[in-house]
Amino acid sequence: MSGIRDEAAPVQEGAALRADCGSCFGLCCVALPFSASADFAVGKPAGQPCGNLRTDFRCGIHDRLAERGFAGCTVYDCFGAGQKVSQVTFGGRSWRETPGSARQMFDVFPVMRQLHELLRYLTEALSLPAARPLNTELRRLLDETEALTRRDAAALLDVDVPAFRGRTGELLARTSELVRAEAKPGRRKNHRGADLAGARLGGADLRGADLRGACLIAADLTRADLRLADLLGADLRDADLGGADLTGGIFITQPQLHQAKGDATTRLPRTLARPAHWSRV
């Protein structure tokens, strides 16, 4: 049984797990804090609208974010949490229309964002043929997570997110073991949580490796074999994936790719898009 997804069964994220900024009240631009840095031209505290947020909740510099010093915005993904909070939890009433609910809405958003991230990973896990022995548990936990996202605001704020992430992480780790078992035992390197910043891994055999939570900032991964590798939570900022093969890699997200560098020869899981800023060479 191949660990690579069935061609007939891609990850069915759907609109619910993709950010729809047109249906959101600019929550990531208000609820979240950021500090002046290489990623943000200025800083702001949580709960204060970004100076670029327009009255219609659109970004005034959306097509010029990187050049205006807001590269951090270009790699952020709420996995659909923004529209869920805006349209479901608060029934389409914005924080500007009902300022009395603003603080609660801003507090709920990061909780929802974490739950939607877990939904994204669980949805992917259910698409993996090698994980079929866990499908009942995965489906049960996915349904439980979805039910949590539909609670009212007060109930959402009572969710023990760290404990829930822990439960989900354990099940996803078991999923990972089943998928990565496709690689030969001697090749399944364990770099979980490793500090590999700047590491020279060009051409490395990392097939089936556990790179969950690894720091790969500015690492050289050119031509690396990352097939069937688990990259959940790996920090790929400025990592060079030129010519690397990520076919069948699991728990990789679009924001991770946007933070990395790559080119036309980088092989990606078919559910992910090649970032526009990657080299065409």
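Heads up: these notes are all about the structure in this document. (Residues numbered from 1 in each chain as written. Predicted model: local features only at pLDDT ≥ 70, side-chain atom pairs only at ≥ 80, totals over all residues. Heavy atoms only, no water.)

### Remarks on the environment of Asp77
Quick reminder of the rule: Secondary structure elements follow DSSP: runs of H or I no shorter than four residues count as helices, runs of E no shorter than two count as strands, and numbering proceeds from the N terminus. A 1.4 Å probe rolled over the protein chains alone gives each residue an accessible area, and that area as a share of the maximum for its type sets the label: buried under 20%, exposed over 50%, partly exposed in between. Every residue pair with non-hydrogen atoms within 4.5 Å of one another is taken to be in contact. Polar contacts, as used here, are pairs of N or O atoms within 3.5 Å; protein pairs need one atom able to donate a hydrogen and one able to accept it. Residues neighboring in sequence count only if both atoms are side-chain atoms.
Secondary-structure assignment places Asp77 in the loop between helix 1 (71-74) and helix 2 (81-89). Residue classification places Asp77 among the buried positions, given a relative accessible area of 17%. Through-space distance from the C-alpha of Asp77 to that of Cys24 is 13 Å; in sequence the pair is 53 residues apart. Discounting chain neighbours no more than four positions away, the residues touching Asp77 are Ala19, Arg113 and Pro255. Among the polar contacts listed, one links the side chain of Asp77 to the backbone nitrogen of Phe79, at a separation of 2.7 Å.

### A closer look at the packing of helix 3 (residues 102-126) against helix 4 (residues 135-149)
The condition that has to hold: Note on definitions: angles span 0 to 180 degrees between N-to-C directions of axes, and those axes are lines fitted to C-alpha atoms, for helices only across the stretch in contact. Reported orientations rely on four angle classes, namely roughly parallel under 35 degrees, roughly antiparallel over 145, roughly perpendicular from 65 to 115, and oblique for the rest. In this scheme the handedness of a crossing depends on how the near helix is turned from the far one: anticlockwise by less than a right angle means left-handed, clockwise means right-handed. Charged residues are taken to be Asp, Glu, Lys and Arg, nonpolar residues to be Ala, Val, Leu, Ile, Met, Phe, Trp, Tyr, Cys and Pro, and polar residues to be all remaining types, Gly included.
Contact geometry of helix 3 with helix 4 gives a least axis separation of 9 Å together with a crossing angle of 155 degrees. In terms of orientation, helix 3 lies roughly antiparallel with respect to helix 4. Here helix 3 runs over helix 4; the crossing is left-handed. Where helix 3 approaches helix 4, its residues Met112, Leu115, His116, Leu119, Leu122, Thr123, Ala125 and Leu126 are matched on the opposing element by Asn135, Leu138, Arg139, Leu141, Leu142, Thr145, Glu146, Leu148 and Thr149. A breakdown of the residues in the contact of helix 3 with helix 4 according to their chemical character gives 10 nonpolar, five polar and two charged.

### Let's talk about the packing of helix 4 against helix 6 (residues 161-180)
Two numbers describe how helix 4 lies on helix 6: the axes approach to 11 Å, and their chain directions differ by 150 degrees. Judged on the interaxial angle alone, helix 6 and helix 4 are roughly antiparallel. In this structure, helix 4 crosses over helix 6, and the sense of that crossing is left-handed. Between helix 4 and helix 6, the residues in contact are Glu137, Leu138, Leu141, Glu144, Thr145 and Leu148 and Phe164, Arg167, Thr168, Leu171, Arg174 and Thr175, respectively. Within the contact of helix 4 with helix 6, the residues separate by chemical class into five nonpolar, three polar and four charged.

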